[in-house]
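Structural overview for review
Spelled out, the chains give:
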Amino acid sequence: GITKGAVGLSPVQPDVRYVSNLDLDINLTGMWKFNIGDLPDWKNTDYNDSDWKEIFVPAFWEAQGYKNYDGFAWYRMKFTLPEKYSNQKMVLLLGKIDDIDQTFVNGTLVGSVGDWNFNDVPESFNQNNEWETIRGYYIPNNVLQPGKENTIAVRVYDGFIDGGIYQGPIGLITQEKY
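Conventions and cut-offs
- Residues numbered from 1 in each chain as written.
- Predicted model: local features only at pLDDT ≥ 70, side-chain atom pairs only at ≥ 80, totals over all residues.
- Heavy atoms only, no water.
- Helix = DSSP H or I, 4+ residues; strand = E, 2+ residues; numbered from the N terminus.
- Buried < 20%, exposed > 50% of the residue type's maximum accessible area, 1.4 Å probe, protein only.
- Contact = heavy atoms within 4.5 Å.
- Areas by Shrake-Rupley, 256 points an atom, 1.4 Å probe, with all protein chains shown as cover.
- Core = buried A, V, L, I, M, F, W, Y, C linked by side-chain atoms within 4.5 Å.
- 1 Å grid on protein atoms, 1.4 Å probe; cavity = no way out; pocket = protein on both sides within 12 Å on 5 of 7 lines; lining within 4 Å.
- Points joined across faces, edges and corners; volume = space filled by probe spheres on them.
- Nonpolar A, V, L, I, M, F, W, Y, C, P; charged D, E, K, R; others polar.
- Pairing = 2+ DSSP bridges.
- Salt bridge = Lys/Arg side-chain N within 4 Å of Asp/Glu carboxyl O.
- Phe/Tyr/Trp six-rings, centres within 6.5 Å; stacked < 30°, edge-to-face > 60°.

**Quick word on the overall build of the chain**
Assigned secondary structure in the chain consists of zero helices and ten strands. Order of helices (α) and strands (β) in the chain, N terminus to C terminus: β-β-β-β-β-β-β-β-β-β. Burial statistics for the chain: of 178 residues in total, 43% are counted as buried. Pairs at least 24 residues apart make up 84% of the contacts formed inside the chain by residues separated by at least 6 positions. For the chain, the accessible surface area stands at approximately 9900 Å², while carbon and sulfur atoms represent 47% of it.

**Some remarks on the nonpolar core**
Of all hydrophobic cores here, the largest spans 31 residues; its most connected members are Leu 28, Trp 32, Tyr 75, Ile 139 and Val 154. Listed by contribution, the elements that provide at least two residues to this core are strand 2 (30-36), strand 3 (53-57), strand 4 (71-80), strand 5 (90-98), strand 7 (108-113), strand 9 (149-158) and strand 10 (164-174). In contact with Val 154, other than residues within four places in its own chain, are Trp 32, Ala 73, Trp 74, Tyr 75, Leu 94, Ile 97, Asp 101, Gln 102, Thr 103 and Ile 165.

**Things to note about the layout of surface pockets**
Space inside the second largest pocket adds up to approximately 200 Å³. What lines the second largest pocket is a set of 14 residues, among which Ser 86, Gln 88, Pro 140, Asn 141 and Asn 142 lie closest to the centre. Within the lining of the second largest pocket, the residues separate by chemical class into eight nonpolar, five polar and one charged.

**Digging into the pairing of strand 9**
Counted residue by residue, strand 9 has nine buried out of ten residues, so it is predominantly covered. Of the pairings in the sheet, the one linking strand 4 to strand 9 comprises ten bridges and is antiparallel in character. Note on strand 9: the bridge partner recorded for Phe 79 is Asn 150. Pairing of strand 6 (residues 100-105) with strand 9, which is carried by six bridges, proceeds in the antiparallel orientation. Bridge pairing in strand 9 places Gln 102 opposite Arg 155.

**Observations concerning the pattern of salt bridges**
Tallying each qualifying case throughout the model produces five salt bridges. Among the ionic pairs, Arg 76 bridges to Asp 49, the shortest N-O distance being 2.8 Å. Highlighted residues: Arg 76 in strand 4 and Asp 49 in the loop between strand 2 and strand 3, separated in sequence by 27 residues. Pair check on accessibility: Arg 76 and Asp 49 agree, each one buried. For Asp 101, the salt bridge goes to Arg 135, with nearest N and O atoms at 2.7 Å. Residue Asp 101 is found in strand 6, and its partner Arg 135 is found in strand 8 (residues 134-138); the two are separated by 34 residues along the sequence. The class of Asp 101 is buried, set by a relative accessible area of 0%. Where salt bridges share partners, they join Asp 23, Asp 25 and Lys 177 into one cluster.

**Topic: the packing of aromatic side chains**
Considering all chains together, one arrives at 13 aromatic pairs under this definition. On the basis of an interplanar angle of 50 degrees and a centroid distance of 5.6 Å, the ring pair of Phe 34 and Trp 61 is categorised as tilted. Residue Phe 34 is located in strand 2, and its partner Trp 61 is located in the loop between strand 3 and strand 4; the two are separated by 27 residues in the primary sequence. Note on Trp 61: relative accessible area 0%, which makes it buried. Seen from their ring centres, Trp 74 and Phe 104 are 5.9 Å apart, and the 15 degrees between their planes marks the pair as stacked. Of the two residues, Trp 74 sits in strand 4 while Phe 104 sits in strand 6, which places them 30 residues apart along the sequence. Take Trp 74: its relative accessible area is 2%, and that puts it in the buried class. Looking at Phe 104, the relative accessible area reads 9%, which means it is buried. Three or more aromatic residues link up through ring pairs in this structure, and these residues are Trp 32, Phe 34, Trp 61, Tyr 66, Tyr 69 and Tyr 75.

Structure, rendered in structure tokens:
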């Protein structure tokens, strides 16, 4: 349902390469913290994001109040992993992100798409259609904390048109089910 913000409609384009019947163990679709700009501390679990705006994931940020914004932005989500997953290997699914991303769980880099070898602003992206890549990041052992609060932080760079985590699935699934 609609939780807050302006009402909008976004067409969902089916992707024949993607099997849409994944049964997520933890669905993280919904409102995430969001901030434009780029500070390395934003990946840390103890960073205070209480003054950040909220944005719906998955959906383009351009359709949620950030029209024509190109550049860096970060998403943050806090969740508690149920104890029953303490001995499970997990995969974080972030669907599709426009354009490139670096993804952290509890401050640890768990995956990225795109060339992040630059000093200021990325000079090379969309050469391999990164924005169409479905993100599935295997989370290393001892990164998730079952029964405790965990933090996902996603650093995104968008170079032109649209931007952000725009298509699901969004959540966690066991490696066995993945």
